[in-house]
Structures are given as C-alpha cells and as structure tokens.
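Descriptive structure summary
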Amino acid sequence: MVTPIAFFILMLALWETGYRREWWNSTLFPGPLEVWQALASGVKDGSLILATKISLLRLLIAFGIALMLGTLLGILNGTVPAVRRAIGPLALGLQTLPSICWLPLAVVWFGASEKAILFVTLMGALLAVTIAVSDGIRNIPPLYLRAAKMMGASGPRLYKEVLIPAAFPAIISGAKQGWAFAWRSLMAGELLSVSSGALGLGQTLMRGRDLNDMSQVLAVMTILIAIGVVADRLLFTQLENRVRRRWGLASP
Amino acid sequence: MGLFITKPKNEFPETRIGTLPARPPIPAKISLENVSVRFDTRQGQPAALENVSLSIQAGEFVCLVGPSGCGKSTLLNIMAGLLAADEGQAFKDGAPITKAGPDRAVIFQEAALFPWLTAVQNVEFALKTVRNRKVRRERALEQLQMVHLSRFAHSYPHELSGGMRQRVAIARALALDPDVLLMDEPFAALDAQTRDLLIEEVQRIWLETRKTVVFVTHNVLEAVTLGDRVICMGARPGCIKQELNITLERPRAVEDPDTARFAQRILANLKDEIAKIVREESDYVEAERARGRDGDPNRVLYPNAGTMGDGI
Ligand SMILES: Nc1ncnc2c1ncn2[C@@H]1O[C@H](COP(=O)(O)OP(=O)(O)OP(=O)(O)O)[C@@H](O)[C@H]1O
Ligand SMILES: [Mg+2]
C-alpha cells in the first residue's frame, strides 16, 4: 500500500516540477495544482457536480434498462433452444459492433436528444449482459436441474429459485462488463453530441476543449477515472468476491 | 444359511394380450417391465439396458451392484423419471412413471446441494409445500438433527466435508417424505471410515422409517450390509444377472463375518462379468493398436479379474 502511494506522489511531484520548469508548453498540459484548482472551482460553483449527476443519471437509467432487458433476453436465450438458434448468432454479431456506431441511427430515430445518448449507452451494455447471462444459464451443472426436478420444482419456481441463483455469479460478471461498456458508450455519446441535451461529463470535457481550457479537461478526466475505479473496484468486484466466497469458489 | 439365488422373474409376462392384465391386487411399489435403453443407436452396439424387468415391494431395501457401465445409474434414473425408457415401461404403484417427482427422492453420487443455500436452506427447498416459514424451518432443523448436523445448519455446502454434504442430501431427501428413496452410489467418493458410518446411519434411518429404498453401489459389502435383496447386473448389454435375498438379521454391521461371507459369494458370482469386461477392454485396446493407434493392453486398470478386491 505504501509503495503505490509513494509512487503516485512522486509522479505528481515530477508532473508539477515539469510544468513549473516549462519542460513542455504549459497551456497544453497544465500542472496538477492547476487541475486541482479547476476541479475545486467546478465543484464550488456546482457545474462539475451537476455534470456528474447528469452523466450518472443517464448511466443508471440506461444500465438499469440494459440489466433488466439483458437478463430477460439472456434467460430466454439460455433456456429456450429455439430462441437461442434465432437470436444467438445475431447477438454475437452485434456485440462486435462498437456501440457508438449506433449514434447516427439513434440521432435519426430520436433526434439529437437525451434519448439518443441513452440509446447508445443501452446498446453498449445490453448485449454484454445478455450474452453473459445466457452463458451463465447454459453452464449450470445439469445435476442442479435434476435435483430441482426431483424435488418437484418447475415453472416460475424453477426460474426464481434455481436457474437465476445458479447463474448469479455469471449475472454479476455480466453486469460488471455491461457497466464498463455502458460507461464507455455514454462518454463517447456525450463527446459526440455536445449540443444536445443537458451538459454531462462528456459534454463538459468537450466544452473545455472548445474553450482551450486544458485544466478543465483534465479535471473532468480525473472525475471519470474516480467513478470508474469506484464502480469497478468497490462495487462490482466486492459483490463478485462476496458471491464467490459464499459459493466456495476461488477468487480470480 | 439363508442365501437364495433366484432367477430374475418377470412379474407381468407377455401372455396377457387379449386378457385382462393379471396384476396382483396390490401393485408393487416400483416395477419395470421389459425396459430397454439405447444411448448408442448404431448397429451392433449393445444397449445400456436390455429387457430389464424388476419389481420392488413397499418397504423393501434393494441394492443394485454390478461392474462400471452396466447401467445401474440408467436403471435408477428410469425409476426416478429423469430418463425415459426406449422400450418397456416403469411403474410406481401400478401407474406409469412419466416424470421426476418428490415422491421418488434421489440421492446423487455428488451430493447435488445448491451452493447458494446453507445446509438448512437446502433442506427447506424440499419443504416448499409447507407454507408457514417457521414450521418449515423447524422441520428442516429436525431433519438435520436426524443426520447429526444441527451444528452445521447455517454452513454453506463448500464449508462441509464430503460426508457431511452427503448427510445433508439424505436429510433433504427425507424432508420430501418420499415413498421411494433412490440412492446412486451415495458414498462412493468417501473414505472407508466415513462410508461405514453412513452405512450404519442409512440402516438406522431405514429401520425407523421403512421407506422403499433402491441403493446403487460398487461395493458388495455395502450392498450385503444394507439390502434385503441384492440384484447383480451385467454389462453390454445391461441386464440383471441374478438376485440374492439377504436374510441376515438387522441391524447388521459391515465388519460382521456373516456379511463378509455373503459378499464373498456374490463376488464369486460377479467374477465372470468382471472378467468379461476386462477381456473386452483388452481386446479393444489390442484392436486399436493393430490399427496403429496408441494403446497398451497392460495399461488397462484391472489387468486381470483376480486383483479387484471387494470393489468392482
Ligand atoms: N447420457 C448418456 N449418453 C450416452 N451414453 C450413456 C449416457 N449415460 C450412460 N451411457 C452409457 O450407458 C451405459 C450405462 O451407463 P450407466 O451410467 O448407467 O452405468 P453405471 O452402471 O451407473 O456405471 P458406474 O458404476 O460407472 O456409475 C454405459 O455404457 C454408458 O456409456
Ligand atoms: Mg453410475
């Protein structure tokens, strides 16, 4: 724990020194103190807080829909052979498509609006979640299903008490992946549609570029990193480890 | 000395075409009529089960023994309703078995507990017909007490030893309050001491509950200790070779000399079957080698039937 922190401080010091001694054009790459000030003033006047809130809200809405829809599709795909044959290859094909490629279509469908950004974010996460859940269900050991049938579990009860819990580790991994995809897609969407909708973090980033304010750009990037780390490390990885521990699986 | 070797007999012979079925007034708890199962449908491949008929009375403890691959699990799965016969039909209380159900509890070789539930929750899964949650919890705990696992009620399966997991599986099966208990080599993966302990536990539980039990095992001593009747099966195609009634008094112990004597008799009878399998395996390896593929007849697990001890 000490070494990474020491290393981190050393890097910051080096960055600040380089900036002060003008090893590079200081307007193109401001020093850490200046970035800190931009961050602080953005927080103080509320603009960065608001942008963060807007982006997170978009993310939660789109990711929430993706999670529900993806789990549903994944379960269908995993349990109904006919559905799997029909949409399986399609889902795999679509997953290779970077989700930002949906933006032109989304803009035509929904206009340069909130909906377009949400759609791109949703498409980023949906297929990852669908595929993870469906793989999770198909990899359930048949022994569990036979045990469940032997105990008379069928219909909704089989889904609720056996299939979904058995696939839960896979569902969490799918959610984690989906979240990462959604986050990237959201930023791409916001960056490419500055004029539309409320100012999220992506749009604020582009604003900074337009105003040639590199400390604002770097301040927003800092927030993006922080959100990414918190979500991945503190939320999903924790959840994943807890489930793995309960099941007695080795931590990855 | 109480050892009878009876031929497998068909309860319902094929002579009832055109006449009323000559069913006995009380049908057998479980009966199989000319059941055949073919996984490999290619010409010339032996059936997993061929024309097996068998009937098991209520309250009977029947053990199935036979060499690996002779169709013991297949037979059990037919009775459980987890597998459909290609020909013939299985009945329970005279009604055709069409699907799995809680009236025929299965205890699998690997405990098959749900890893996301604690021991007591696993038992509760079998008690879902009990609506009241408190009553359900109480009943589940009672079942765990029956297998001496009260202290581990709230442990997850991976926190239990193999023997403890198997005991939870027994508790779960008993919680279903089934008519028939079907056990597929439940103790095969356990060490000898744990196995002997569980054998005695199963015997005690059976003496208390008098359920109908079908118990598959590789271990002849286990079969003799537990069974009222031991059914020996042969492989390729899977069929019943002989049935033996075990009339030793209960409770029996694995280490009783009488038990060992019975086991010896059965083993002698099974030797031919084992020898046949060993021979087939060597022939196969030999043939593969003649075709230039890798294979060494000396590498088969049992180079001759004499070295197999009490296991099969
Ligand atoms: N699902 C399956 N698909 C194809 N063949 C199968 C299947 N299940 C069993 N068999 C074949 O059927 C035969 C009987 O298998 P079964 O599992 O009933 O044997 P067993 O007597 O239980 O053996 P063991 O003592 O090793 O468990 C074997 O030859 C096996 O290869
Ligand atoms: Mg078997």
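Residues numbered from 1 in each chain as written. Chains lettered and ligands numbered in written order. Predicted model: local features only at pLDDT ≥ 70, side-chain atom pairs only at ≥ 80, totals over all residues. Heavy atoms only, no water.

**Looking at the overall build of chain B**
The number of helices and strands found in chain B is 7 helices and 11 strands. In chain B, which comprises 312 residues, the share counted as buried stands at 52%. A sequence separation of at least 24 residues applies to 69% of the contacts in chain B between residues at least 6 apart. Working note: accessible area of chain B is about 15000 Å², and carbon and sulfur atoms make up 50% of it. (Helix = DSSP H or I, 4+ residues; strand = E, 2+ residues; numbered from the N terminus. Buried < 20%, exposed > 50% of the residue type's maximum accessible area, 1.4 Å probe, protein only. Contact = heavy atoms within 4.5 Å. Areas by Shrake-Rupley, 256 points an atom, 1.4 Å probe, with all protein chains shown as cover.)

**Focus: the layout of surface pockets**
Residue and element names in this part refer to chain A. Roughly 580 Å³ of volume is contained in the largest pocket. Taken together, 18 residues make up the lining of the largest pocket; nearest its centre are Phe8, Leu12, Trp15, Val35 and Thr222. Within the residue set of the lining of the largest pocket, elements represented by two or more residues are helix 1 (2-20), helix 2 (32-44) and helix 11 (214-247). (1 Å grid on protein atoms, 1.4 Å probe; cavity = no way out; pocket = protein on both sides within 12 Å on 5 of 7 lines; lining within 4 Å. Points joined across faces, edges and corners; volume = space filled by probe spheres on them.)

**A word on the interface of chain A and chain B**
Chain A puts 19 residues into the contact, and the matching count from chain B is 22 residues. The contact between chain A and chain B buries some 1900 Å² in all, and 70% of this surface belongs to carbon and sulfur atoms. On the surface where chain A and chain B come into contact, there are 1 salt bridge. A salt bridge links Lys128 of chain B to Glu161 of chain A, with the nearest nitrogen and oxygen atoms 2.9 Å apart. Where chain A touches chain B, the interface holds 6 residue pairs in polar contact (both at pLDDT 80 or more). Looking at the side of chain A that touches chain B, the element that brings in the most residues is helix 7 (residues 142-150) of chain A, giving 7 residues. The residue makeup of the side of chain A that touches chain B, split by class, is 11 nonpolar, 2 polar and 6 charged. (Buried area = accessible area lost by both parts, 1.4 Å probe. Salt bridge = Lys/Arg side-chain N within 4 Å of Asp/Glu carboxyl O. Polar contact = N/O pair within 3.5 Å; in protein donor to acceptor, adjacent residues only side chain to side chain. Nonpolar A, V, L, I, M, F, W, Y, C, P; charged D, E, K, R; others polar.)

**Regarding a nonpolar patch on the surface**
Residue and element names in this part refer to chain A. Together, Phe7, Leu10, Met11, Leu14 and Trp23 make up a nonpolar patch on the protein surface, roughly 570 Å² of accessible area in all. As for its position among the elements, Met11 is in helix 1. The partly exposed category is assigned to Met11, whose relative accessible area is 42%. (Patch = residues over 30% accessible without salt bridge, like charges linked within 9 Å, V, L, I, M, F, W, Y side chains within 5 Å.)

**Focus on unusual backbone geometry**
Residue and element names in this part refer to chain B. The linkage connecting Arg250 with the following residue, Pro251, adopts the cis geometry, with an omega of -5°. Along the chain, Pro251 turns up in the loop between strand 11 (239-246) and helix 7 (257-290). Phi at Asp177 is positive, roughly 50°, even though this residue is not glycine. Checked against the element boundaries, Asp177 lands in the loop between helix 4 (162-175) and strand 8 (180-184).

**Overview of the pattern of salt bridges**
Going through the model one piece at a time under the given rule, you end up with 25 salt bridges over all chains. Note that Arg157 of chain A is salt-bridged to Glu161 of chain A, the shortest N-O span being 3.5 Å. Of this pair, Arg157 of chain A and Glu161 of chain A both sit in helix 8 (residues 155-166), 4 residues apart, which is roughly one turn of that helix. Judged by its relative accessible area of 19%, Glu161 of chain A is buried. One salt bridge connects Asp232 of chain A with Arg233 of chain A, and the closest N-O pair in it is separated by 3.4 Å. Through salt bridges with shared partners, a single ionic network connects Lys29, Lys92, Asp93, Asp103, Arg104 and Asp179 of chain B.

**As for the packing of aromatic side chains**
Inspection of every chain in the model, using the stated rule, returns 17 aromatic pairs over all chains. Aromatic side chains Trp102 of chain A and Phe119 of chain A sit 5.9 Å apart centroid to centroid with 85° between the ring planes, which places their arrangement in the edge-to-face category. Taken together, the residues span a long stretch of sequence, with Trp102 of chain A in the loop between helix 4 (81-95) and helix 5 (103-110) and Phe119 of chain A in helix 6 (residues 114-138) at a distance of 17 residues. Take Trp102 of chain A and Phe119 of chain A: they sit in the same class, and that class is buried. Where Phe114 of chain B meets Trp116 of chain B, the ring centres are 4.8 Å apart and the plane angle is 15°; that geometry is what we call stacked. Among the aromatic residues, those joined into a cluster by ring pairs are Tyr144 and Trp247 of chain A together with Phe114, Trp116 and Phe125 of chain B. (Phe/Tyr/Trp six-rings, centres within 6.5 Å; stacked < 30°, edge-to-face > 60°.)

**Remarks on the environment of Leu56 of chain A**
With respect to the helices and strands, the residue Leu56 of chain A is situated in helix 3 (residues 47-79). With a relative accessible area of 28%, Leu56 of chain A lands in the partly exposed category.

**Some words on the sheet that holds strand 3 (residues 49-56) of chain B**
All names here are of chain B. Pairing is antiparallel across the open sheet formed by 4 strands, whose spatial order is 3-2-5-6. The open sheet has two edge strands with one neighbour each: strand 3 and strand 6 (95-96). One ladder, built from 5 bridges, connects strand 2 (residues 30-37) with strand 5 (residues 87-92); its direction is antiparallel. In the strand pairing of strand 5, Ser31 is matched with Phe91. (Pairing = 2+ DSSP bridges.)

**So, the confidence of the model for chain A**
Per-residue confidence for chain A averages 87 on the pLDDT scale, and 97% of its residues sit at or above 70. The weakest mean pLDDT in chain A belongs to helix 4 of chain A at 83; the strongest belongs to helix 7 of chain A at 91. (pLDDT = per-residue confidence, 0-100.)

**Focus: the site of ligand 1**
Residue and element names in this part refer to chain B. For ligand 1, the full set of nearby residues is Phe39, Ala48, Ser68, Gly69, Cys70, Gly71, Lys72, Ser73, Thr74, Glu185 and His218. With respect to ligand 1, the backbone of Gly71 contributes an N or O atom lying 3.0 Å from an oxygen atom. In the model, an oxygen atom of ligand 1 is placed 2.7 Å from a nitrogen or oxygen of the Lys72 side chain. Bound to the protein, ligand 1 loses 56% of the 630 Å² it would expose on its own. Residues that form the shell around ligand 1 fall into these classes: 3 nonpolar, 6 polar and 2 charged. (Near = heavy atom within 4 Å.)

**Regarding the nonpolar core**
The nonpolar side chains of a soluble globular protein tend to be buried with one another. Leu32, Leu75, Met79, Phe114, Leu144 and Ile170 of chain B are the most contacted members of the largest nonpolar core, which totals 109 residues. In terms of residues, this core owes the most to one element, helix 4 of chain B, which gives 8 residues. Not counting residues within four places of it along the chain, the set of residues in contact with Ile170 of chain B comprises Ile107, Val147, Met183, Phe187, Val202 and Ile205 of chain B. Listed in part, the 38 residues of the second largest apolar core include Ala38, Met123, Leu186 and Leu218 of chain A. (Core = buried A, V, L, I, M, F, W, Y, C linked by side-chain atoms within 4.5 Å.)

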